[in-house]
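# Architecture and fold: a report
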Amino acid sequence: MGKEERGSNLNNKLSNNIIMKYLTPIIITAALIAGCRDKSGEADAYGTFEATEVTVSSETGGRILTFPVAEGMEIEEGAGIAVTDTTIFRLQLNEIDAGMNGIRAKVSSINAKNDILRQQMQNLNVNIERIENMMKDNAATRKQYDDLTGQLAVMEKQIAANNTEKASVAAELSVYESKKAILTEQLSRAYVRSPLKGRVIEKYAEAGEITTAGRPLVKIADLSVMKLKVYVSGAQLGDLKVGSECTVRVDDGDKDYMTFPGRISHISEKAEFTPKIIQTREERVILVYAVTIEVVNDGTMKSGMPGEAIF
């Protein structure tokens, strides 16, 4: 091989080394960028949305008089859902009111008797004072004085007896008042009201049906704040904290997503699956933990809808 040919090969090797020296970092950087782009489109966890659901039951039995709600209806907290038959309660309340009026009449009669006795006692005191003055002049006898003071003592005992009877009647009135309070509470429970603001998602009865205490009437869901329950591995768990912000997204067509801000409200304290007695480092990531994310709902999310979380 000639000197010129050997020199040409040497120049080619040097050129290739220089090209690889500067091209390799570019290739690696491009690959990393491509890898990051591919990875950025992936979610960190997957799950389904859940809503806070409450099953509202009747607290009293009887015929359902009114039941104006329908499935899909928006309902405010405290709004009326249904009214069960209140006839028995109202009749019992009327009976109690009549008994209480009778007791109040007894109390008024006792008070009137005491007023008469007090007036008579006042008159006796005037006569006793007059007799005392007459006795000083020997114009009245001791017997007249004793008779008047004896009558006064009898009236005082009559008033005391009346007050004892009055206390007994008042105690009877308090019993009626307690019964009335119980019936009033039972009557109020015949009016079924919504415990939260939400939407009626299921209806289990209709107006005119006979219901019993504890029988479900409707199911109401609070859809204003949805809960996305996802599962993460043990490797991800160390980076998550209750109260941390994250991104939640749902499908928008075949390829697009709709994103919403979320907040981690709960992280499970234990794995969902029973671990083996002995685990390798690689096997530990198989264990998954439930994470609940709260998301303010604008009407897009529904119960059971799949969702994704990006931490």
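Residues numbered from 1 in each chain as written. Predicted model: local features only at pLDDT ≥ 70, side-chain atom pairs only at ≥ 80, totals over all residues. Heavy atoms only, no water.

### What about the packing of helix α2 (residues 87-136) against helix α3 (residues 142-189)?
Put simply, α2 and α3 touch, their axes get as near as 8 Å, and they point 165° apart. Viewed along their axes, α2 and α3 adopt a mutual orientation that is roughly antiparallel. Crossing of α2 against α3: the hand is left-handed. (Axes fitted to C-alpha atoms, helices over the stretch in contact; angles between N-to-C directions. Helix = DSSP H or I, 4+ residues; strand = E, 2+ residues; numbered from the N terminus. Parallel < 35°, antiparallel > 145°, perpendicular 65-115°, else oblique. Left-handed = near helix turned anticlockwise from the far one by under 90°.)

### Remarks on the pattern of salt bridges
The final tally for this structure, using the stated rule, is 13 salt bridges. Linking D115 and R118 is a salt bridge whose minimum nitrogen-to-oxygen distance equals 3.4 Å. In this pair, D115 and R118 are both assigned in helix α2, three residues apart and thus about one turn of the helix distant. Classification of R118 as partly exposed rests on a relative accessible area of 42%. Residue D147 pairs with K143 through a salt bridge whose shortest N-O separation is 3.1 Å. With a gap of four residues between them, D147 and K143 both fall in helix α3, about one helical turn apart. With a relative accessible area of 58%, K143 lands in the exposed category. The network of salt bridges with shared partners includes E53, E202 and K219. (Salt bridge = Lys/Arg side-chain N within 4 Å of Asp/Glu carboxyl O. Buried < 20%, exposed > 50% of the residue type's maximum accessible area, 1.4 Å probe, protein only.)

### Digging into the sheet that holds strand β2 (residues 62-66)
Strand order in the open sheet formed by four strands is β5-β4-β2-β7, and the pairing between neighbours is antiparallel. At either margin of the open sheet sits one strand with a lone partner, and together these are β5 (191-193) and β7 (210-211). In this structure, strand β4 (residues 80-84) lies alongside β5, joined through three bridges in antiparallel fashion. The residue of β5 that forms the bridge with G80 is R193. (Pairing = 2+ DSSP bridges.)

### Points about the environment of G262
Turning to its location among the elements, G262 is positioned in strand β10 (residues 256-267). Sequence-wise, G262 and V296 are 34 residues apart; in three dimensions their C-alpha atoms are separated by 7.5 Å. For G262, the residues in contact, after removing those within four places along its chain, are S244, E245, C246, V248, I293, E294 and V295. (Contact = heavy atoms within 4.5 Å.)

### A few points about the environment of I81
Tracing the backbone through its elements, the reader meets I81 in strand β4. Residue I81 is classed as buried on the basis of its relative accessible area of 1%. Taking the C-alpha atoms as reference points, I81 and T66, 15 residues apart in sequence, are found 8.2 Å from one another. Setting aside residues no more than four positions away along its own chain, I81 makes contact with V56, T66, F67, P68, V69, I75, V192, R193, S194, V218 and I220.

### Quick look at the pairing of strand β1 (residues 45-57)
One face of the sheet, then the other: side chains in a regular strand alternate in exactly this way. Pairing of β1 with strand β12 (residues 306-310) involves four bridges; the strand directions are antiparallel. Pairing of G47 across the sheet is with G307, part of β12. Where β1 lies against strand β8 (residues 216-233), 10 bridges are found, and the strand directions are antiparallel. When the bridges of β8 are listed, T48 appears paired with K229.

### Thoughts on the pairing of β8
Alignment of strand β6 (residues 198-203) against β8, held across four bridges, turns out to be antiparallel. The residue bridging V200 from the neighbouring strand is I220, located in β8. For β8 and strand β11 (residues 288-296), the ladder comprises nine bridges, and the chain directions are antiparallel. Following the sheet pairing, V225 is matched in β11 by V296.

### Points about the nonpolar core
Core analysis: the biggest nonpolar cluster contains 24 residues, and F49, V291 and I293 have the highest contact counts within it. If you list the elements that add at least two residues to this core, you get β1, β8, β9 (245-252), β10 and β11. In terms of residue count, the dominant contributor to this core is β8 (six residues). In terms of nonpolar packing, the next biggest core, distinct from the first, is built from 14 residues, V56, F67, I75 and A82 among them. (Core = buried A, V, L, I, M, F, W, Y, C linked by side-chain atoms within 4.5 Å.)

### Topic: the confidence of the model for the protein
Here the protein shows a mean pLDDT of 83. Residues at 70 or above account for 82%. Scored below 50 in pLDDT, residues 6-11 shows two contacts in the model against residues more than four places distant or in partner chains. pLDDT under 50 marks residues 13-39. Its contacts with residues more than four places away, or in other chains, come to one contact. (pLDDT = per-residue confidence, 0-100.)

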